[in-house]
Amino acid sequence: MESLLSKLDLNSLPKHISIIMDGNGRWAKKHNKPRVFGHRNGVKAVREVTEASAELGIKYLTLYAFSKENWRRPKAEVNTLMKLFVKTVSEELNTLNENNIKLEAIGDLSSLPEETYKALMKGMQSTRNNDRMTLILALNYSSRWEITKMVRLISEKVRAKSVDIEDIDHQLVTSHLETNKYPDPELMIRTSGEHRISNFLLWQLSYAELVFTDTLWPDFRKENLYKCLLEYQRRERRFGMTGEQLVKS
Ligand code: FPP
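Given the structure is predicted, the values throughout are model-derived calculations rather than measurements.

Undergrad: Just checking my understanding: could you explain the environment of V43 for this structure?
TA: Looking at where V43 falls in the secondary structure, it is placed in helix α3 (residues 35-56). Residue V43 is classed as buried on the basis of its relative accessible area, which comes to 13%. In this structure the C-alpha to C-alpha distance between V43 and L13, which are 30 residues apart in sequence, comes to 24 Å. Ignoring sequence-local partners within four residues, the contact set of V43 consists of L84 and T88.

Undergrad: Which parts of the structure should I look at to understand the packing of aromatic side chains?
TA: For any two aromatic rings, the description comes down to two numbers: the centre-to-centre distance and the angle of the planes. Scanning the entire structure with this criterion turns up eight aromatic pairs. Arranged with centres 5.6 Å apart and planes meeting at 55°, the rings of Y60 and Y182 form a pair that is tilted. Of this pair, Y60 sits in strand β2 (residues 60-67) while Y182 sits in the loop between α7 (170-175) and β5 (187-190); the two residues are 122 residues apart in sequence, bridging distant segments of the chain. Judged by centre distance (4.4 Å) and plane angle (15°), the ring pair of Y64 and F200 falls under stacked. With a gap of 136 residues between them, Y64 in strand β2 and F200 in the loop between β5 and β6 (209-212) connect regions that are remote in the sequence. You can call Y64 buried: its relative accessible area is 8%. F200 gets classed as buried once you look at its relative accessible area, which sits at 0%. Among the aromatic residues, those joined into a ring-pair cluster are Y64, Y141 and F200. Seen from the ring of F37, K33 lies directly overhead, with NZ or CZ sitting 5.2 Å from the centre.

Undergrad: Would you take a moment to explain the site of the ligand for this structure?
TA: As a matter of local geometry, the ligand sits amid 18 residues, with D22, G25, R26, R35 and R73 nearest to it. A distance of 2.9 Å separates an oxygen atom of the ligand from a polar atom in the backbone of G25. Here an oxygen atom of the ligand sits 2.7 Å away from a polar atom, N or O, in the main chain of R26. When the free accessible area of the ligand is taken as 630 Å², the share hidden by the protein chains comes to 92%. With four residues, the top contributor of residues to the shell around the ligand is α3. A class-by-class count of the residues in the shell around the ligand yields seven nonpolar, seven polar and four charged.

Here is what the cut-offs are and how they apply
Residues numbered from 1 in each chain as written. Predicted model: local features only at pLDDT ≥ 70, side-chain atom pairs only at ≥ 80, totals over all residues. Heavy atoms only, no water. Helix = DSSP H or I, 4+ residues; strand = E, 2+ residues; numbered from the N terminus. Buried < 20%, exposed > 50% of the residue type's maximum accessible area, 1.4 Å probe, protein only. Contact = heavy atoms within 4.5 Å. Phe/Tyr/Trp six-rings, centres within 6.5 Å; stacked < 30°, edge-to-face > 60°. Lys NZ or Arg CZ within 6 Å of the ring centre and 35° of its normal. Near = heavy atom within 4 Å. Polar contact = N/O pair within 3.5 Å; in protein donor to acceptor, adjacent residues only side chain to side chain. Areas by Shrake-Rupley, 256 points an atom, 1.4 Å probe, with all protein chains shown as cover. Nonpolar A, V, L, I, M, F, W, Y, C, P; charged D, E, K, R; others polar.

Shown next as C-alpha cells:
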C-alpha cells in the first residue's frame, strides 16, 4: 500500500501548523485511568508531531498546551500539568538541540508557576540558535487576552504620541501580538472531534484551513499528521477556483 507520506506534495506544505491538542481526558477515561494519565501520554504525540513536522521541513509548529481558561480545572490536574511541562521541556532539551529545533512560547508566561517559567526560559535560552524549525508552546495563552494586551500596547503608544491613530492598520496590530515573529498558520488542526477554535489565535487563523479529526490527542501519530496535511492539500489545490472549474481542467 502506498504510504500517506508518499502522497504528500512536499512543495506545497504549510510553513506554519497550529494544533489544539484535545481529548487527553477522554482518552484516559477510555483506559479507566485518571485524567493526568491522558496528559502524560499526550507527550508522546507531541514528540511524534514535532519530529514529523521537522522532517517535512515545516518551519513553525504551535501547540496549544494550556489556555487561560484551563486554570478552572481541578487544582491537582493543573499542578500535574505544570509539573509535566517542566519535566517534558527539561527531558526533551537534548533532543531539541540535536534536531536543531528552537523552543519558544506565547502567552502570559510571567504568571506561570515559577518552576514552569524557569524551565521554559532555560529551554528557550538553550535552543535559541537553532534554526531548522521553531516549536512554539501556547502556555497560559488565550486570544482575547492577547488582543486586549495589543490594544493596551498600542494605546500607550498613542498616548505617548509615538503612534498616530491614523497609522493603526492590520500590520501594526499584527506586530503587537505575541506571534509577531511568525507568519500566520496556514493550517489549524483540532483533535478529538470538537469543532471549535476555543480562544486560539483568533486573529492569526483568519485565512487558515481548519482540519478536525476524531482522533484523541494521545493517539495522534505521524500518519495522523500526514492525513491532515493531505486534507489541507486537497483543499489548497483549488487555487481559488471553484470545484466545478477544477473538474473541467
Ligand atoms: C486537552 O485535553 C489537553 C490539555 C489541556 C493539555 C495538553 C498538554 C499536553 C499534551 C502535555 C504536553 C507537554 C508539552 C511540554 C507541550 P483535555 O484534557 O481537554 O481532554 P478532554 O477534552 O478529553 O477532557
